[in-house]
Amino acid sequence: MTQLSRIRTYLGALGSILLGRNPAGRNLTVFPGDTFIVSYFRSGSTWSRFLFGNLIHEDEAVTFTNMERLVPIIYNQPDRVLRGLPRLLKSHECFDPRYPRVIYIVRDPRDVAVSFYFYNLKVGVIPSGYSMDQFVQRFISAAVVGYADRVGCWEDHVLSWTRLRQGKPGFEFVRYEDLLANPEKELTRLAAAVGIDPTPERIARAVHLSSVSRMQSLEKKQSKDWVVTKGTRQDIPFVREAKAGGWRGKLSPQAVAAIENAWGTTMKEVGYELVTDRELAKS
């Protein structure tokens, strides 16, 4: 890069900052009334945006084309825009002491690995035919893609929140698997975090409008318009199986062992049974 090119790049970046065009990200202005849906990547946060968005917004059902307005993510729009939007926000940040209320979603990292693998195929970070075992090693080492690597690995992310916020006011912890198994129960429990009186009718509407089948149908119609999926491979869906335990048919025994050896203590701490423990119990 020539000196002139460097100057142009610097001036362009400076102009974006001064004009407020850069996505907010960790530089987001946080207000006392804010609530954040926080998770590691591919842990059910998009589904949760549908669930909570449909719980809050009774006059407008959440879709992929209005989700950035109704339940915005902090990475797609500048701070000056986010200030004027509803303040239930999605974030993948590791612990941030400024967040006043947090709904933290954790998912079995074996399923996260599979989901993240297919997402990175979809967006072209890894090529077709890339080894799942090789991807798992990168996943464990937080060496997949820059925006994800900067928050650390799955365990780093989980512990940053559970060690520093769990048990304190304004922090709600939920496992993706429990939300999937009984969304009505978990949504009722968590409704107070978003300031909603969880009537059975309101809960039922939110769950119905956030069903996997509806999200899959919307994706087929809107994937070329949604900022996250436009320009990505259309033969790989963003909304895949949306189930727990799918890793059993996707990960090799070596990949499972690698994840469990790396994070087994934390996995058990948040309620996930290890294959190695199950095999020992049988012997």
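Coordinates for the structure precede this section.
Structural notes, computed from the coordinates. (Residues numbered from 1 in each chain as written. Predicted model: local features only at pLDDT ≥ 70, side-chain atom pairs only at ≥ 80, totals over all residues. Heavy atoms only, no water.)

## A look at the nonpolar core
Line of reasoning, step 1. With 85 residues, the main nonpolar core has Phe 52, Leu 55, Tyr 104, Phe 116, Phe 139, Trp 154 and Leu 251 as its most contacted residues.
Line of reasoning, step 2. Contact partners of Leu 55, with chain neighbours within four places excluded, come to Leu 187, Ala 191, Val 194, Ile 196, Arg 202, Ile 203 and Ala 206. (Core = buried A, V, L, I, M, F, W, Y, C linked by side-chain atoms within 4.5 Å. Buried < 20%, exposed > 50% of the residue type's maximum accessible area, 1.4 Å probe, protein only. Contact = heavy atoms within 4.5 Å.)

## Considerations on the side chain of Lys 122
Line of reasoning, step 1. Along the polypeptide, Lys 122 turns up in helix H5 (residues 109-123).
Line of reasoning, step 2. For Lys 122, which is buried and forms no salt bridge, the nearest opposite charge comes from Glu 219, at a distance of 4.4 Å.
Line of reasoning, step 3. A distance of 3.2 Å separates the side chain of Lys 122 from the side chain of Thr 232, its partner in a polar contact.
Line of reasoning, step 4. Leave out the neighbours within four places in its chain, and Lys 122 touches Glu 219, Thr 229, Thr 232, Arg 233, Gln 234, Ile 236, Pro 237 and Phe 238. (Helix = DSSP H or I, 4+ residues; strand = E, 2+ residues; numbered from the N terminus. Lys, Arg positive; Asp, Glu negative; His and termini not counted. Salt bridge = Lys/Arg side-chain N within 4 Å of Asp/Glu carboxyl O. Polar contact = N/O pair within 3.5 Å; in protein donor to acceptor, adjacent residues only side chain to side chain.)

## Considering the side chain of Arg 175
Line of reasoning, step 1. Within the secondary structure, Arg 175 is located in strand S4 (residues 171-175).
Line of reasoning, step 2. Looking at Arg 175, the relative accessible area reads 18%, which means it is buried.

## Observations concerning helix H12 (residues 212-222)
Line of reasoning, step 1. Of all the positions in H12, only Arg 214, Met 215, Leu 218, Glu 219 and Gln 222 are classed as buried. Along H12, the residues classed as buried sweep out an arc of 135 degrees about the axis, all on the same side. For H12, the exposed residues set more than 90 degrees away from the buried face come down to Ser 213 and Lys 220.
Line of reasoning, step 2. Each element contacted by the buried residues of H12 is listed here: helix H2 (45-56), H5 and helix H11 (200-209). (Arc of directions from axis to C-beta.)

## Re the sheet that holds strand S3 (residues 101-106)
Line of reasoning, step 1. A sheet is described by the order of its strands in space; here 4 strands give the open sequence S2-S1-S3-S4, paired in parallel fashion. The open sheet terminates on both sides in strands that have one partner only, identified here as strand S2 (88-91) and S4. Each strand of the sheet is rotated relative to its neighbour by a mean of 20 degrees, with strand direction disregarded.
Line of reasoning, step 2. Looking at chain direction, strand S1 (residues 35-39) and S2 are connected through 4 bridges and run parallel. Considered in S2, the bridge of Ile 37 is made with Lys 90.
Line of reasoning, step 3. Contacting S1, S2 and S3, H2 runs over the sheet at an angle of about 180 degrees to S2.
Line of reasoning, step 4. Across the sheet, helix H10 (residues 183-190) is in contact with S3 and S4; its angle to S4 comes to roughly 170 degrees. (Pairing = 2+ DSSP bridges. Axes fitted to C-alpha atoms, helices over the stretch in contact; angles between N-to-C directions.)

## Digging into the environment of Ser 211
Line of reasoning, step 1. Along the polypeptide, Ser 211 turns up in the loop between H11 and H12.
Line of reasoning, step 2. Look at Ser 211 and you get partly exposed, because its relative accessible area is 23%.
Line of reasoning, step 3. With 163 residues separating them along the chain, Ser 211 and Ser 48 place their C-alpha atoms 11 Å apart.

## Things to note about the layout of surface pockets
Line of reasoning, step 1. Computed from the structure, the largest pocket encloses a volume of approximately 810 Å³.
Line of reasoning, step 2. Around the largest pocket, the lining comprises 36 residues; the ones closest to its centre are Arg 42, Thr 46, Lys 90, Tyr 119 and Phe 238.
Line of reasoning, step 3. Going through the elements one at a time, H2, H5, helix H9 (176-181) and H12 are the ones with two or more residues in the lining of the largest pocket. (1 Å grid on protein atoms, 1.4 Å probe; cavity = no way out; pocket = protein on both sides within 12 Å on 5 of 7 lines; lining within 4 Å. Points joined across faces, edges and corners; volume = space filled by probe spheres on them.)

## Overview of the packing of aromatic side chains
Line of reasoning, step 1. Per the stated rule, a full pass over the model turns up 22 aromatic pairs.
Line of reasoning, step 2. Seen from their ring centres, Phe 64 and Trp 226 are 4.8 Å apart, and the 45 degrees between their planes marks the pair as tilted. Of this pair, Phe 64 sits in the loop between H2 and helix H3 (67-70) while Trp 226 is found in the loop between H12 and helix H13 (253-269), placing the two residues 162 residues apart along the sequence.
Line of reasoning, step 3. Residue classification places Phe 64 among the buried residues on the basis of a relative accessible area of 2%.
Line of reasoning, step 4. Of the residues examined, Trp 226 reaches a relative accessible area of 3% and is grouped as buried.
Line of reasoning, step 5. Judged by centre distance (6.5 Å) and plane angle (10 degrees), the rings of Phe 135 and Phe 139 are stacked. In this pair, Phe 135 and Phe 139 both sit in helix H6 (residues 132-140), 4 residues apart, roughly one turn of the helix.
Line of reasoning, step 6. Counting every residue linked through ring pairs, the aromatic cluster contains Tyr 40, Phe 41, Phe 116, Tyr 117, Phe 118, Phe 135, Phe 139, Tyr 147, Trp 154 and Trp 263.
Line of reasoning, step 7. One Lys or Arg, Arg 42, reaches over the ring of Phe 238 and ends 4.6 Å from the middle of that ring.
Line of reasoning, step 8. Above the plane of the ring of Tyr 176 lies Arg 107, whose end atom (NZ or CZ) is 4.4 Å from the centre. (Phe/Tyr/Trp six-rings, centres within 6.5 Å; stacked < 30°, edge-to-face > 60°. Lys NZ or Arg CZ within 6 Å of the ring centre and 35° of its normal.)

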